[in-house]
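# Commentary on secondary and tertiary structure
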Amino acid sequence: SSRYGSFNHSHGDQNSFVVVAGGRPLLTDSGVYDWYGSPQWSGWYRKTVAHNAITFDGGQGQVVEGDSASSNAQGQITRFTSSGNIDFAEGDATKAYGGALNSAIRRIWYLRGESAVLVWDKLDSAVARTFEWNMHAAVPLQADPDGNVEIRNQDQSVCIVPLFRDGISFKKR
C-alpha cells in the first residue's frame, strides 16, 4: 500500500500481496513488463485484475494513470504488528478505488508456526456489487467443487480455503 498512488510506473495494486514459500512463487503478480506504455502494460499489467487484489463487477478495479484521480489512488498501512509467531498488517485501499467503494480494508495475519496466512477483506459500497478476489500463480490453480484452491509449485504449495462460502464461486479467466 503506497501513498504515491498509481501514476507513471505504479500499478493499481493497493492491498495486493504475493506468497513465496521455500523460494517457490505460489501467489504471484501476473503479466510481463514488455515496454513502458505498451498495450499489455496499460491494458493488463498495471491493472488491479493482474494482481492478488480485489476487483468488482467483472474486473473493475483501482484507478490507474490515465484516470484523473491516479495520483490520489493511494493506499496506506494502517496497522502492523509482529510478535513471536504472528505477524499482522492492515491496509486501507479505499482511496485507490476512486470513490467507487466506501471502504476497502484488507487484514492479513501470518501464523509462522502454522505456515498459514489468514486474509480478511472488509469491503463496502453504496450500491450492490459483486466482489472478486483475483489469484495468480506461475503454475496451474486446482479448484474443487467447494471453492477451495490449491497451488503446487514443485515441493511447495498453498491451499486457499474460503471461510464464508455463501455466493462463492471459482472462475478461471
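Preceding block: the structure.
Quick caveat, the model's predicted, so the values are computed rather than measured.

Conventions and cut-offs
- Residues numbered from 1 in each chain as written.
- Predicted model: local features only at pLDDT ≥ 70, side-chain atom pairs only at ≥ 80, totals over all residues.
- Heavy atoms only, no water.
- Core = buried A, V, L, I, M, F, W, Y, C linked by side-chain atoms within 4.5 Å.
- Buried < 20%, exposed > 50% of the residue type's maximum accessible area, 1.4 Å probe, protein only.
- Helix = DSSP H or I, 4+ residues; strand = E, 2+ residues; numbered from the N terminus.
- Contact = heavy atoms within 4.5 Å.
- Patch = residues over 30% accessible without salt bridge, like charges linked within 9 Å, V, L, I, M, F, W, Y side chains within 5 Å.
- Areas by Shrake-Rupley, 256 points an atom, 1.4 Å probe, with all protein chains shown as cover.
- Salt bridge = Lys/Arg side-chain N within 4 Å of Asp/Glu carboxyl O.
- Pairing = 2+ DSSP bridges.
- Axes fitted to C-alpha atoms, helices over the stretch in contact; angles between N-to-C directions.

## Describing the nonpolar core
Counting 12 residues, the largest nonpolar core consists of Phe17, Val19, Ala21, Leu26, Leu27, Met135, Val139, Leu141, Val149, Ile151, Val158 and Ile160. Sorting the residues of this core by element identifies β1 (19-21), β2 (24-27), β10 (149-153) and β11 (156-160) as the ones contributing at least two each. Among residues more than four places away in sequence, those in contact with Val149 are Met135, Leu141, Gln142, Ala143, Val158, Cys159, Ile160 and Phe170. Of all hydrophobic cores here, the second largest spans 9 residues; its members include Phe56, Ala73, Ala96 and Leu101.

## Regarding a nonpolar patch on the surface
Residues Leu118, Leu163 and Phe164 make up a contiguous nonpolar surface patch of about 370 Å² in total accessible area. By secondary structure assignment, the location of Phe164 is in the segment after β11. Looking at Phe164, the relative accessible area reads 69%, which means it is exposed.

## Things to note about the environment of Thr130
Mapped onto the secondary structure, Thr130 falls in the loop between β7 (116-124) and β8 (131-133). Note: C-alpha distance between Thr130 and Gly75 (55 residues apart in sequence) is 22 Å.

## Re the sheet that holds strand β6 (residues 103-111)
If you walk across this open sheet you meet the 4 strands as β4-β5-β6-β7, and the pairing is antiparallel. Edge positions in the sheet fall to β4 (76-83) and β7, since each of these pairs with one other strand and no more. Here the strands of the sheet are splayed against their neighbours by 10° on average, with no regard to which way each runs. The sheet contact formed by β6 and β7 spans 9 bridges and is antiparallel. Bridging from a neighbouring strand, Arg106 pairs with Asp121 of β7.

## Re the pairing of β4
Successive residues of a regular strand alternate their side chains across the two faces of the sheet. The pairing of β4 with strand β5 (residues 86-92) spans 7 bridges and is antiparallel. For Phe80, the partnering residue across the bridge sits in β5 and is Ala89. Here β4 folds back onto β5 in antiparallel fashion, the turn holding 2 residues, of which Gly84 has a positive phi close to 55°.

## Comments concerning the sheet that holds strand β9 (residues 141-143)
Judged by pairing direction, the sheet is antiparallel, and its 3 strands sit side by side in the order β9-β10-β11 without closing on themselves. Every other strand in the sheet has two partners, leaving β9 and β11 as the edge strands with one partner each. The sheet shows a mean angle of 20° between the axes of neighbouring strands, direction not considered.

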